Amino acid sequence: MLDPKYRERSESLFNRAEKHIPGGVNSPVRAFKSVGGNPIFFKGAKGAYVHDEDGNRYVDYINSWGPMILGHGHEEVIAAVQEQAGRAMSFGAPTELEIELAETICEMTGIDMVRMVNSGTEACMSAIRLARGYTGRNKIIKFEGCYHGHADSFLIKAGSGASTLGVPNSPGVTEGVANDTLTAPFNDLTAVEKLIAENQDQIAAIITEPVAGNMGCIPPNEGYMEGLRALCDQHGIVFIMDEVMTGFRLAPGGAQERLGVKADLVCYGKVIGGGMPVGAFGGKREIFQHIAPTGPVYQAGTLSGNPLAVVSGLTTLRYLKNHPEVYAQIDAATEKIENGLRPIVDESGLKYRINRLGSMISVHFCDTDVYDYTTAAEGNNERFKQFFHGMLNEGVYLPPSAFETWFISMAIGDEQIKETLAAAKKVIAEMS
Ligand SMILES: Cc1ncc(COP(=O)(O)O)c(C=O)c1O
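Computed from a prediction, not measured in an experiment: that's the story for all the values here. (Residues numbered from 1 in each chain as written. Predicted model: local features only at pLDDT ≥ 70, side-chain atom pairs only at ≥ 80, totals over all residues. Heavy atoms only, no water.)

### Details of the environment of S432
When you line up the elements, S432 lands in the segment after α14 (414-431). For the pair S432 and V261, spaced 171 residues apart in sequence, the C-alpha separation works out to 42 Å. (Helix = DSSP H or I, 4+ residues; strand = E, 2+ residues; numbered from the N terminus.)

### A few points about the side chain of E209
With respect to the secondary-structure elements, E209 resides in the loop between β9 (203-208) and α7 (224-235). Comment: no salt bridge for buried E209; closest opposite-charge side chain is K142, at 7.6 Å. From its side chain, E209 meets the backbone nitrogen of G213 in a polar contact 2.8 Å long. There is a polar contact of 3.2 Å between the side chain of E209 and the side chain of N214. Apart from the residues lying within four places of it in its own chain, the contact partners of E209 are G145, C146, Y147, H148, F186, N214, M225, D242 and M245. (Buried < 20%, exposed > 50% of the residue type's maximum accessible area, 1.4 Å probe, protein only. Lys, Arg positive; Asp, Glu negative; His and termini not counted. Salt bridge = Lys/Arg side-chain N within 4 Å of Asp/Glu carboxyl O. Polar contact = N/O pair within 3.5 Å; in protein donor to acceptor, adjacent residues only side chain to side chain. Contact = heavy atoms within 4.5 Å.)

### Quick look at the packing of aromatic side chains
One pass over the full model with this rule turns up 12 aromatic pairs. With a centroid separation of 6.1 Å and 55° between ring planes, the pair formed by Y58 and Y397 is classed as tilted. One end of the pair, Y58, is in strand β3 (residues 57-60); the other, Y397, is in strand β15 (residues 396-397), and 339 residues separate them in sequence. By relative accessible area, Y397 is classed as buried at 12%. Taking the centre distance of 5.4 Å and the plane angle of 40° together, the rings of F281 and F288 count as tilted. (Phe/Tyr/Trp six-rings, centres within 6.5 Å; stacked < 30°, edge-to-face > 60°.)

### A look at the packing of helix α13 (residues 381-393) against α14
Taken N-terminus to C-terminus, the directions of α13 and α14 make an angle of 135°; their axes are 9 Å apart at the nearest point. In terms of axis orientation, α13 runs oblique to α14. Both α13 and α14 take part in a crossing whose hand is right-handed. Contacts from R383, Q386, F387, G390 and M391 of α13 reach α14 at T420, A423, A424, V427, I428 and M431. The residue makeup of the contact of α13 with α14, split by class, is 7 nonpolar, 3 polar and 1 charged. (Axes fitted to C-alpha atoms, helices over the stretch in contact; angles between N-to-C directions. Parallel < 35°, antiparallel > 145°, perpendicular 65-115°, else oblique. Left-handed = near helix turned anticlockwise from the far one by under 90°. Nonpolar A, V, L, I, M, F, W, Y, C, P; charged D, E, K, R; others polar.)

### Topic: the sheet that holds strand β4 (residues 113-117)
Strand order in the open sheet formed by 7 strands is β4-β12-β11-β10-β9-β5-β8, with mixed pairing between adjacent strands. Where the open sheet ends on each side, the last strands, each with one partner, are β4 and β8 (181-184). Across the sheet, the mean angle separating the axes of adjacent strands is 20° when strand polarity is ignored. Relative to the sheet, α7 contacts β5 (139-143), β9 and β10 (238-242), its axis offset from that of β10 by approximately 150°. (Pairing = 2+ DSSP bridges.)

### A look at the domain arrangement of the chain
We note that the domain assignment places domain 1 (8-61 + 324-431) and domain 2 (75-322) within the chain. A buried area of about 2,200 Å², summed over both sides, lies between domain 1 and domain 2, and 63% of it is on carbon and sulfur atoms. Joining domain 1 to domain 2, the criterion identifies 1 salt bridge. On the surface where domain 1 and domain 2 come into contact, there are 10 residue pairs in polar contact (both at pLDDT 80 or more). Listing elements by their share of the side of domain 1 that touches domain 2, those giving two or more residues are α11 (325-348), β13 (353-357), β14 (360-364) and α12 (373-377). A breakdown of the residues in the side of domain 1 that touches domain 2 according to their chemical character gives 16 nonpolar, 7 polar and 5 charged. (Domains from an automatic or database assignment. Buried area = accessible area lost by both parts, 1.4 Å probe.)

### Considering the environment of V326
Residue placement: V326 occurs in helix α11. The exposure class assigned to V326 is buried, which follows from its relative accessible area of 2%. It is 9.6 Å that separates the C-alpha atoms of V326 and R249, two residues lying 77 residues apart in sequence. Setting aside chain neighbours within four positions, we find V326 in contact with Y319, L320 and M410.

### A few points about the site of the ligand
Taken together, S119, G120, T121, Y147, H148, G149, E209, N214, D242, V244, M245 and K270 form the complete shell of residues around the ligand. A distance of 2.9 Å is found between an oxygen atom of the ligand and a backbone nitrogen or oxygen belonging to G120. In this structure, N214 approaches the ligand through a side-chain N or O atom, which is 3.1 Å from an oxygen atom. When the ligand is considered free in solution it has 390 Å² of accessible area, and contact with the protein chains removes 81% of it. In the shell around the ligand, the residues fall into 3 nonpolar, 6 polar and 3 charged. (Near = heavy atom within 4 Å. Areas by Shrake-Rupley, 256 points an atom, 1.4 Å probe, with all protein chains shown as cover.)

### Some words on the pattern of salt bridges
The final tally for this structure, using the stated rule, is 17 salt bridges. Between D414 and K336 there is a salt bridge, with the nearest N and O atoms lying 2.7 Å from each other. Of this pair, D414 sits in helix α14 while K336 sits in helix α11, placing them 78 residues apart in sequence. For the salt bridge of K385 with E382, the shortest nitrogen-to-oxygen distance reads 3.2 Å. Here K385 and its partner E382 are both found in helix α13, 3 residues apart, which amounts to about one turn of the helix. K385 gets classed as partly exposed once you look at its relative accessible area, which sits at 25%.

Here you go:
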């Protein structure tokens, strides 16, 4: 158990941060809103651990929300970034490094072409524009509980049932934009068929997380991705897989490879930058011919393909390409965590579900299977809060929301798993 005064400096930094940074954070999920309390401020990280401003050490299951798949401070990545920093930080002009990164991405994922951007949001937003420009249609279908970044088109919540008109769930998103975003429950092909029937020849794209990670981890049901692929083929709809979480994590070729289903356009982020602000969208050459400067669909970025970001991503991807055993290792580590947690929670009598695919895992305190947003929302958040804070006090840093997947890095080994399960045993016993 950490010292009860373990957050003194974090608390004072948070008070200072609130004065000039909205809510004290630069991205809302960091703010601990759904679990209560104030965020912890960090100053260092190495391997499987992060270190906070009060000198506490935590096993890290957030890993910057996915990017740090090699663990923190990986020597090859750090050396490559340092070397590049000494050479040049930015040109705003082409470099050979960008070609090497594009070649590596295309080789690993099997896509034809790729454009680098600065975040997952930019990747998804640009993919949608390209799909609209390519098809000449306006509407898109997204799934309830899937997150594709904060561009207007994606901040839409479903109305009751499979409503044909989206309702914006953030002020500032116009009704016009919302009306072009149709929503369906994840894992529900019938709802998608209905939306397509009601909006004949109007749907430009279906965008989905292939394995949802933004309502906890929710794998696709058997045949679901294949079904979406078939519907897109049948109706001339561009099939976009948002692989911002799953890309280079579930396999070298991401979910496309792991699930054996190919998309027309794919969005990347997180792992692709190895910890630097990087995103990318790519896909079929035929569609990519339509993007500027080759085609009329405009998309651009001052710092896109920035050399520092590119070397960080390139070194990370090359490491994964040359060490494919990493995938078996992180999957096995995550399986050990799942298999270790189950008897602990079983013994407590608490109702729970654990969802896992590869190195993505989440625990829901509920008594129903979790396969879409509605079932994820049935989880007992009070229980999750207790679990989260209990684990934090024991030095295990989990995502501060039941609606987030945990990300396992290759630095998490038997020692950290033992530490995690010992913490869970204590915390769960106190909860029951
Ligand atoms: C599946 C998915 N798509 C898109 C995004 C947006 O990425 P970014 O936060 O880099 O803009 C996220 C972020 O968590 C995500 O999980």
